[in-house]
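# Architecture at a glance
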Amino acid sequence: MYDLNTVFLSVMEAIEPEPTCDVNRKPSSSGLQTLPGLSSQEDQPDMSREHMCFPRGRGYVLYISNFFEKPDHTGEPRAGVHHDKNNICDFFGGLDYKLNFRSDVETREELWNIIGKAKKRVEKKKYTSFFLIISSHGKGITLKDESGDDVLDDVTHKPVFVSEDIQLVNEDTFVRVDEIVSQFENFLIDKPKVLIFQACRSSPSKPDDSSKVYYTGQENSSSVTVPTNVDMVVIQDTSKGQSGYRNENIGAWMFHYMFVKAKPFYEKEHLLDVLTRVNDMISRRNAQDGKKIIGKQMPCFTSTLTKFFHLK
């Protein structure tokens, strides 16, 4: 496996003759003389709002929720996961999307098989967009020194996180997020792909707080692995090295705000605008145990979209 943070470029430059000015060349309609190697205004791409939007059409959603029925380390399924499913199914049910729900994926091989079949179906049926949603426990992967100890940041003196793991149902079975992202390179070319990971990204030594928050207060930087191909959005429900929260009554904060609270905004706004609203909403929440604030959550996303993506 290669590191998606490293892009190898092979650049070959050819020496071309400098453009010459033909005094007899007629000026373009813009009043500017067109030189060889330069484009006139008429040759520029259409930058109109309509042209800068992905065509609307039927999309496909692959939604995977682990520890949905099977117990996690607490001896029970993750709290609120049925609320997550209801919210996500209700949201996409109102759109022209095909939703494929899978629960409790146990092994890496099973995960790759599910993803592989979904990709083939999407390309065969000519869907116009694709969503992958994975909800599970997770942990951050820290940079290690030669002794195997965490490398600490010079300023914050906290561990340096380089990636994160998503937990599968089999005990101690994990898969890296960047491994999953790499599965969608060169897939569904020129069409939007949105990958959503709802899982903790905190230190393995820190308890996974995504299991339960007993009380959520009133509404009150990170680096994500970027795929080398275009038209993809990678969404993490919390920042690198931090915990994500969920509640028994509403499910995961990310899903609650993205698919319930922000639902009206999809009528007129494109996806990245709505995600910015979701970031604002979640940033105002406090995770509380009684009156004690135990944490905050800051979602983040990276986009390589080349056009505006409207879901409605």
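Described below are features of the structure shown in this document. (Residues numbered from 1 in each chain as written. Predicted model: local features only at pLDDT ≥ 70, side-chain atom pairs only at ≥ 80, totals over all residues. Heavy atoms only, no water.)

### Some remarks on the pairing of strand E1 (residues 59-65)
Across the seven residues of E1, seven count as buried, placing the element largely inside the fold. Where E1 and strand E2 (residues 97-103) come together, seven bridges link them in parallel fashion. Looking at the pairing, Leu62 lines up with Asn100 of E2. Traced from E1 through helix H1 (residues 81-93) to E2, the parallel crossover comes out right-handed. Taken together, the seven bridges between E1 and strand E3 (residues 129-135) define a ladder with parallel strand orientation. Bridging from a neighbouring strand, Leu62 pairs with Leu132 of E3. (Buried < 20%, exposed > 50% of the residue type's maximum accessible area, 1.4 Å probe, protein only. Helix = DSSP H or I, 4+ residues; strand = E, 2+ residues; numbered from the N terminus. Pairing = 2+ DSSP bridges. Right-handed = clockwise from strand over helix to strand, strands pointing away.)

### Section: the pairing of strand E5 (residues 161-167)
Counting buried residues in E5 gives six out of seven residues, a clear majority hidden from the surface. Bridge analysis of strand E4 (residues 138-142) against E5 gives five bridges, and the strand direction is antiparallel. Looking across to E5, one finds that Gly138 is bridged to Ile166. Where E5 meets strand E6 (residues 174-176), three bridges bridge the pair, whose relative direction is antiparallel. Bridging across to E6, Gln167 finds its partner in Phe174. The turn linking E5 back onto E6 is made up of six residues, and Asp172 within it adopts a positive phi angle of 60°.

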